Each structure stands twice: as C-alpha cells, then as structure tokens.
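Here are the chains, one letter per residue:
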Amino acid sequence: MTEARKYWVETLLKIVNPVLACMANGTLKESMPIEAKIPGRECVTHLEALGRTLTGLAPWLETPSDDPDEEAMRIRTAILARQAISNAVDPSSRDYCCFNDEHGGQPLVDAAFLAHGIIRAPRELWEKLGEVAQNNLVVALKQTRVIQSYRSNWLLFTAMVEAALYVMTGECDRMRADYALCMHEQWYKGDGTYGDGPNFSWDYYNSYVIQPMLLDMIRTLHPVLNRNGYADRTEPKILKHAQRYAAVQERMINRDGTFPVIGRSVCYRTGAFQTLAQIALAEKLPMGVSPAQARCALTAVIKRCFEAEGTFDENGWLTVGLCGHQPSLGEEYISTGSLYLCTAGFLPLGLPDKHEFWSAPDEPFTSQKVWSGIDIPADHASH
C-alpha cells in the first residue's frame, strides 16, 4: 500500500468508524451527538449519517486489496456496514430510521444516498445482506415514494431510489428516473454545468448530487431507459459534461489544498469534489488531468479539511465546519449526520491498490504548475 493510499484509508476509516460501529451495535441514536442550528434534526440525522457514509465508502468496500492489512480492514468494515444497514431498516431495532414523510422530505434525500452506496457496492452491501434485511431494505426504500420532490436536484433522489430497487428486485418506476433525466437535460447551462432546477447557483451541488447521480443512475438503468435509443444517446453526453466539470474542479484546487468557499452546504467538506473523484474512479479523467495529478490534488484537499484543529470532537465525531469547527457555516438543514457526505471525496479508493492512480509518482496539479511558472496549455470551454 502506497503512503498516499494508506493516508486515504486511515482518514476515511477515522471518519466512518464511529457511525458504522455504533449503528452496527444499535447504539447510534444514543451515542451520536447532534449539532444543529434548529431542533428536530434528531428525527432524520441518523439516516443522514448512514446513507452519506456509505455513498463514499462503497467503492472501497467493493474492491478487494492485495495488501493483507488493508484487506482485513475492508472485510471488517463491510461487516459493520451490512449490520448497520440491517439495524437501520429493522422496525425492532433501536436504530430503526424513518423512510417516509412523517418528518418531512429529508428521508428521501438520505435514502437516495444509501441507494447510491448500494449501487456502488452491490456485492458487499446487497448480495451479502441477509434475506430478512434485504426484504426490510426494499420495504424501506419504497416508503420514500410518498415524498414529493422539489423541482431541483431532488428529482435525482427519487431516481436513485428507483435505480437501487432495480438492482435489488429487477423492477422500478421508470417514469421517476425518466423525468429526472429529462428535466436535467433542460437545466444544463453549458460548459459542463447544470442548474439546480431552472436557475444556476454558485455552489457545489453539481458535485454533491447532480453529476455523480446522473452518471450512476443512467448506467444502472440503461436497459430500462433505452427505449428508442434514449440512454444510448444521453449517457455519452452526461459523461462528457462530467469530464469537463471534473477538469474545472481540478483547476479550482489551490496549491495548498484550499478551494473557493462558495454557495451552500460547504460543510460537506471533501464532498465538494465528488465529481472529480468519480471521474477518476471511472478511469475517464479529461485530457490534461493525469491520475497522479488528480490524486495529489485530492490529497491536498483531504489534508486541509481533516487535519484542521476542531474537525473532530473528543469522541471522533465530525463537527460542523469546513476547516475545523465553524458552526456558522451550517445551514438550518445541516446537522451532524449531514457532514458524512465528505466520504464522497474518497471514491478513488475503489481503484485497485496497484492502479496508476496510486502507483504513479507524485505530479503537481494545475494550480501548482501555473503558479510555479510552468508553461501549460490554455483552458477552453467544452463547446
């Protein structure tokens, strides 16, 4: 295991272990602190923590390692993850989570992140799940169908739930996925960027939600959505947009691992670079961004976000903030469970440990090259 990969694995496990260990034991609700601006988040924050933990952890769980120490950690973490899912969907468990609209629409959001994790690790998080837990999980995801989506990135939450149900049962509500795709085609603003609904917003929702879910949803539901060749025509466009957005993301990372603090939900920390991480995982990095370059850029971001004092509390739980504990950065919908979307920045751990992403020598990324006086090709819009 290379030093970079070892650092990534250790950091990711430091983040996710409190969530998985507690929920696997049925003690997440009694153990996890709830930091939030408004009361009432305790009804939804535990499903947030589980779904968001698994959406970024899943590719690593799905990829056996040649390194015996890493493989032992992977197997142990996968067992915890399956037990955590079992408890989250078991009505008799102390950590049973709400998947319907009893507490508003938030359960749909985090059921979608849970669904995304299952799609990314179907063998470890679905096929190895016990039959009772499998049945409970299907029932739980179907409960979210009573929740009405906003005309925004939320449409992709309904689509991701259907994609996971298709993986698990072979059936889904095709129209929910089709509608999400069609609307996002209309909301594409150009040069690799979608609006969050009809309007454009300066934030990282193209990376928190939109581009990664579009990529995995259309890939998973391709047979269902390919009537008259629709998916055949649409999937390459979605990939092209994501590649351009990944190129922009790599350029947004400053020499020291900082990046522009713009828009809402910046407390998701490294989740802001999920699209770059996913394109690296898919081995589809754009021209001008090598795997080593992407690794070094993402490593710099990880260090800035998780080595800051105050990022974790005294018991190892994430605190609200971007670079340490900064509670004023948290919106009203942010609570402790929300913060675990940061795991989405670690997706390349799903690449084998001998892959070029990990084995190639360090390489300066774009901002390091330019601000060191290195001559590089100019950037151009995708159109």
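Residues numbered from 1 in each chain as written. Predicted model: local features only at pLDDT ≥ 70, side-chain atom pairs only at ≥ 80, totals over all residues. Heavy atoms only, no water.

Asks: For this particular structure, what's the right way to read the side chain of T11?
Replies: Among the secondary structure elements, T11 is positioned in helix α1 (residues 3-24). The exposure class assigned to T11 is buried, which follows from its relative accessible area of 9%. A distance of 2.8 Å separates a polar side-chain atom of T11 from the backbone oxygen of Y7. Among all residues touching T11, those that are not within four sequence positions of it are I302, F306 and F346. (Helix = DSSP H or I, 4+ residues; strand = E, 2+ residues; numbered from the N terminus. Buried < 20%, exposed > 50% of the residue type's maximum accessible area, 1.4 Å probe, protein only. Polar contact = N/O pair within 3.5 Å; in protein donor to acceptor, adjacent residues only side chain to side chain. Contact = heavy atoms within 4.5 Å.)

Asks: Is there a simple way to explain the environment of G321 in this structure?
Replies: Here G321 is to be found in the loop between α14 (291-306) and α15 (356-359). For G321, a relative accessible area of 0% corresponds to the buried category. As for G321 and T53, which are separated by 268 residues in sequence, their C-alpha atoms are 17 Å apart. Among all residues touching G321, those that are not within four sequence positions of it are C267, R269 and Q326.

Asks: Quick question: what am I supposed to make of the pattern of salt bridges here?
Replies: Oppositely charged side chains are able to pair whenever their charged atoms sit close together. All told, the structure shown has 23 salt bridges when counted by the stated rule. A salt bridge links R74 to E71, with the shortest nitrogen-to-oxygen separation between them at 2.8 Å. Residue R74 and its partner E71 are both found in helix α4 (residues 68-88); the two are separated by 3 residues, about one turn of the helix. Accessibility expressed as a relative area gives 5% for R74, which makes it buried. (Salt bridge = Lys/Arg side-chain N within 4 Å of Asp/Glu carboxyl O.)

Asks: Where do I start with the packing of aromatic side chains in this structure?
Replies: The full count for this structure, using the stated rule, is 17 aromatic pairs. Ring geometry for F113 versus F157: centroids 5.9 Å apart, planes at 55°, classification tilted. In this pair, F113 sits in helix α5 (residues 106-120) while F157 sits in helix α8 (residues 154-169), placing the two residues 44 residues apart along the sequence. Both residues of the pair, F113 and F157, belong to the buried class. With a centroid separation of 5.1 Å and 65° between ring planes, the pair formed by Y188 and Y194 is classed as edge-to-face. For Y194, a relative accessible area of 4% gives the class buried. (Phe/Tyr/Trp six-rings, centres within 6.5 Å; stacked < 30°, edge-to-face > 60°.)

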